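Close look at the chain arrangement
Read off the chains here:
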Amino acid sequence: TINSRSAHAIEAELTQQGVDFKILMMVIKGQGDDVWVMSFNTTKSSWSGYKEMFYGIADSFSLKK
């Protein structure tokens, strides 16, 4: 959960034009039928330096009322 909202995290790896990437997608339930998707990406070799920050940013997500 993120700020009392249902959430799912998806981590993926892909290669594009010979470069390896790592992606984090956060899917967060909004109000009613709303769904919010946040995407964070970096090169696979830099992932360990950004992973905690990406999750921290996602965890701080909140909707304005």
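Read on for an overview of the structure. Everything quoted here is computed from the prediction, not taken from an experiment.

**Quick notes on the side chain of threonine 42**
Following the sequence through the fold, threonine 42 ends up in strand β3 (residues 35–43). Under the relative-accessibility criterion, threonine 42 is labelled buried at 12%. Residues within four places of threonine 42 in sequence aside, it is in contact with Phe21, Lys22, Trp47, Tyr50 and Phe54.

**Examining the sheet that holds β3**
If you walk across this open sheet you meet the three strands as β1-β2-β3, and the pairing is antiparallel. Two strands close off the open sheet at either side, each with one partner strand: β1 (7–16) and β3. Strand-to-strand twist of the sheet, defined as the mean angle between neighbouring strand axes without regard to direction, takes the value 20°. By the bridge criterion, 10 bridges tie β1 to strand β2 (residues 19–29) in an arrangement that is antiparallel.

About the criteria used
- Residues numbered from 1 in each chain as written.
- Predicted model: local features only at pLDDT ≥ 70, side-chain atom pairs only at ≥ 80, totals over all residues.
- Heavy atoms only, no water.
- Helix = DSSP H or I, 4+ residues; strand = E, 2+ residues; numbered from the N terminus.
- Buried < 20%, exposed > 50% of the residue type's maximum accessible area, 1.4 Å probe, protein only.
- Contact = heavy atoms within 4.5 Å.
- Pairing = 2+ DSSP bridges.
- Axes fitted to C-alpha atoms, helices over the stretch in contact; angles between N-to-C directions.

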